[in-house]
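What follows is the residue order along each chain.
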Amino acid sequence: MRRLMVAIVACTLATASWAALYAAGLPLPKQIVWFAGPFGLAMSAWMVWLAGEVPGIAASARRFWHRLALATGLVTVGTAIMTPGRLSPESPYALRLIQIAAPVLVASILIVLYALLRLPVRPRTRAEWARLGLDGLTVLITTALFLWHLALRPIAEHNGHLGVLIGLFLVGATCLVTLVAVLKVVMLGSGTVSRRSMALLATTLVAGGLSAGVSPLIATHPRLAGLQPMLTLLECLLVAAAARAQWRPAAAQRTAYGERTYSKLPYYAVGATLILLAFVAYTDHRDIAAVATGAIAVSAVVGARQLVALRDNQRLLAELGAHERRLRHQATHDALTGLVNRNHFTELLGAALRRPAPTAVLLIDLDDFKLINDTLGHAVGDEVLVTVAERLRGAVRAEDVVARLGGDEFAAMLYEVPGEHAIGVAERIRDVLTTSVCAAGHELLVRASVGVAASSAAPGGEPALGGEPAPAEDVDALLRNADLAMYAAKERGKGGHFVYVPGMTTRIVAHAEIGARLRDAIDAGQLHLQYQPIVRLDDGRTAGTEALVRWRHPELGVIPPGDFIPAAEQTGLVVPLGRFVMREACAQQARWLRELGASAPGYVSVNVAGRQLTDPDFVTDVLCALDDAGLDPRHLTVEVTETAVVDEAAIAALQQLRDRRIRVALDDFGTAASSLGLLLTCPVTALKLDRSFVDEITTVARQEAVATAVIRMAQALDLDTVAEGIETEAQARMLRRLGYTFGQGYLYSRPLAPEDLAERAALAPPAFAGLAAHHAT
């Protein structure tokens, strides 16, 4: 490709040199020009053909370049035939050569026209077509005006014969049709052909017009005969450059294919029309009517073009404004729920805190939402979040802000809160969530823990929110206070709210310190186990025990489980703590079996946290504890809560234990959203009715109904049942009547030391009542 280009340049320079020397009067042989012109055209045709062979080129572009190569080849043949006649017009064969070459050249023009019209353009909108059509019409009218004034009118004035007029009409129509093809290429472009190539080809057409226009000049000045072949070789050079542009690297092609935002041709056409009008007005008044009419037509088309452009600009501005609003909304709002997102909520809260009026923040976290996602799928979880968002919006005032901070965490900002309004909103949120949520055919009960915090006091020194929540001065402090209050609400029991008060941060720090001390306590032997009997409700005999860990610190004294168990779960120490409890409980159960024989409790029940179930060594730890103690797996029961069994790994771990004959009890049954579903997926052998369904079972009909439903279901599934929290004889009688087999609670015994429980287990039933009363005091 490069060598061909060099050869064409060399031919062009040689022809230009010949034309200059010949015009100066030097007697040079005309055969040089006769040979250089067709040779250059032939090489251009070959380069154009190669442009259609570019690797990866579109089929439409390949056809275009091959057609153009055919047209260039015909021009080569026609030029080779016609050149001798033009260089020697006085020879007798000159006219005959031109007559032979003319059909070949006309055929080449028609092929070029066909190739241009067949080039595809990308789809455009109606407004784009209107704008481009008016631009093209402007150029078309201007060209027709110049064609009439400079070429057709003078010929028509000197020869009014009908045949001449018809010929002029056909020539003019052909020129305008060719112009339409050029306009299509220049103004619309083609995504398959390089824009630079198309620009060079358009320039070639202009050069061709110049080449044809110098014929009268050559007729009057024979020494300028080399000017026309030089222009022909210039066309060859332009065509070759266009073909070479198609071979540029892909990255450069992508840039070349990019469209300009506007075309300059209509503006050039308007300027040319005005120049022609001024020229005719001051020099040649005979054609003033035609030129003025053309100028008026061009002005009308330009006016219509401006109206279309104005309307299009207004539409674009409207779309841009709507797009900007969408982007702003996407940047400041949650895509799923449509609520304000965390960043925007923080900005709004910062602005609110700069006002003199008090502001309150409610941090809302859905309880056990992960369970819904894991058991029912994220699509159901998303529906729940959308419904919760709608209910939260309805629970606050229109001027307040509700946001989704991420996951299942929401927030509400209350402006100018009067008195106890924030606490009232927290209660209202709890109420609106009591109604079950319907998602994908599932009726789900969703609860939330709410933390309440307030900004600093309003002007005048009056504390915000009636003096209930402790004030905060900045965004971070306010959100931190609400977060602490929310976690305090979770620790007190799910589905409630808690207000931040002074000293909560201190307690949280103390909580963390307890977690740090717990690590040392496990290794220092400060922990010990107590055992609460699980009795037969019919005769009061001890059927099993539940192992409960206790901590006696040498300096702090007895630390309640409610303090160190949550700390262990938050710090991850629940895994080594659970391992300690499992080993101690298995060893004690084996010891009772050896010492008490038939009077020993039948099994020991050990509570296992969700974090333990997902630990990869959990099953191994349990089996090692059984082996080291020499305890048969049938004498061990693992207790799990419904919220602990939230994924496949936890269920798989329990299934491995069950395969080794270790029993599995579902603790606090009935308090989470997935109770019934777990009965199908979790390998449970026993249900422990939560104490919340036992407290008022003798007076509240609903509690009795729930307890009845649970026992019927357990009997149908062949599961053991244990009722927790039995404190009165009336409760025990009611549970026995309903069909419950086992129970535990302060009516029978508080948690006991191992030796006390051994003494209790060895007693006969008549002596049991007195011992139970003794431990209950």
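Residues numbered from 1 in each chain as written. Predicted model: local features only at pLDDT ≥ 70, side-chain atom pairs only at ≥ 80, totals over all residues. Heavy atoms only, no water.

(A) The pattern of salt bridges, seen in detail. The final tally for this structure, using the stated rule, is 17 salt bridges. One salt bridge in this structure joins arginine 315 and aspartate 312, with 2.4 Å as the shortest N-O distance. On the criterion of helical spacing, the pair formed by arginine 315 and aspartate 312 is a turn pair, its members being 3 residues apart in helix α12 (residues 288–332). For aspartate 312, a relative accessible area of 8% puts it in the buried group. A salt bridge links arginine 430 to aspartate 431; the nearest nitrogen and oxygen atoms lie 3.5 Å apart. On the basis of relative accessible area, arginine 430 is assigned to the partly exposed category, the value being 37%. (Salt bridge = Lys/Arg side-chain N within 4 Å of Asp/Glu carboxyl O. Helix = DSSP H or I, 4+ residues; strand = E, 2+ residues; numbered from the N terminus. Buried < 20%, exposed > 50% of the residue type's maximum accessible area, 1.4 Å probe, protein only.)

(B) Fine view of the environment of serine 299. Mapped onto the fold, serine 299 is located in helix α12. For the pair serine 299 and leucine 274, spaced 25 residues apart in the sequence, the C-alpha separation amounts to 9.9 Å.

(C) Spotlight on helix α22 (residues 618–629). Helix length check: α22, at 12 residues, gives a terminal C-alpha distance of 17 Å against a target of 16 Å (1.5 Å per residue), a fit within 8%. Along α22, the residues that are buried comprise Phe618, Val619, Val622, Ala625, Leu626 and Ala629. Down the axis of α22, the smallest arc covering the buried residues is 130°, so these residues share one side. Among the exposed residues of α22, those oriented more than 90 degrees off its buried face are Asp627 and Asp628. Contacts from the buried residues of α22 go to α20 (574–596), α21 (610–613), β13 (636–641) and α23 (648–659). Residue glycine 630 follows α22 closely and has a positive phi angle near 70°. (Expected span 1.5 Å × (residues − 1). Arc of directions from axis to C-beta. Contact = heavy atoms within 4.5 Å.)

(D) Structural context of the packing of helix α14 (residues 369–376) against helix α15 (residues 378–395). In the contact formed by α14 and α15, the axes pass within 7 Å of each other and the chain directions differ by 140°. Between α14 and α15, the contacting residues are Phe369, Ile372, Asn373 and Leu376 on the first element and His378, Val380, Gly381, Val384 and Leu385 on the second. Per-class residue counts for the contact of α14 with α15 are 6 nonpolar, 3 polar and no charged. (Axes fitted to C-alpha atoms, helices over the stretch in contact; angles between N-to-C directions. Nonpolar A, V, L, I, M, F, W, Y, C, P; charged D, E, K, R; others polar.)

(E) Examining the packing of aromatic side chains more closely. Scanning the model with the defined rule gives 3 aromatic pairs in all. Ring plane angle 75° and centroid distance 5.3 Å describe the contact between phenylalanine 64 and tryptophan 65, whose orientation is recorded as edge-to-face. In this pair, the class of phenylalanine 64 matches that of tryptophan 65, namely buried. Ring geometry for tyrosine 531 against tryptophan 592: centres 4.9 Å apart, planes inclined by 70°, an arrangement best described as edge-to-face. Placement of the pair is tyrosine 531 in strand β9 (residues 527–536) and tryptophan 592 in helix α20, with a sequence separation of 61 residues. With respect to class, tyrosine 531 is no different from tryptophan 592; both count as buried. One Lys or Arg, arginine 663, reaches over the ring of tyrosine 603 and ends 4.4 Å from the middle of that ring. (Phe/Tyr/Trp six-rings, centres within 6.5 Å; stacked < 30°, edge-to-face > 60°. Lys NZ or Arg CZ within 6 Å of the ring centre and 35° of its normal.)

(F) Representation of the pairing of strand β3 (residues 409–415) within the structure. Of all 7 residues in β3, 7 are buried, a share of seventy percent or more. Taking every second residue as pointing to the same face, both faces of β3 are buried, with Glu409, Ala411, Met413 and Tyr415 on one and Phe410, Ala412 and Leu414 on the other. Bridging between strand β1 (residues 359–366) and β3 involves 7 bridges; their strand directions are antiparallel. Directly across from valine 361, in β3, lies its bridge partner methionine 413. Bridge count between strand β2 (residues 401–406) and β3: 5 bridges; the pairing is antiparallel. Bridged to valine 401 within β3 is methionine 413. Following β2, the chain reverses through 2 residues before pairing antiparallel with β3; glycine 407 in that reversal takes a positive phi of roughly 60°. (Pairing = 2+ DSSP bridges.)

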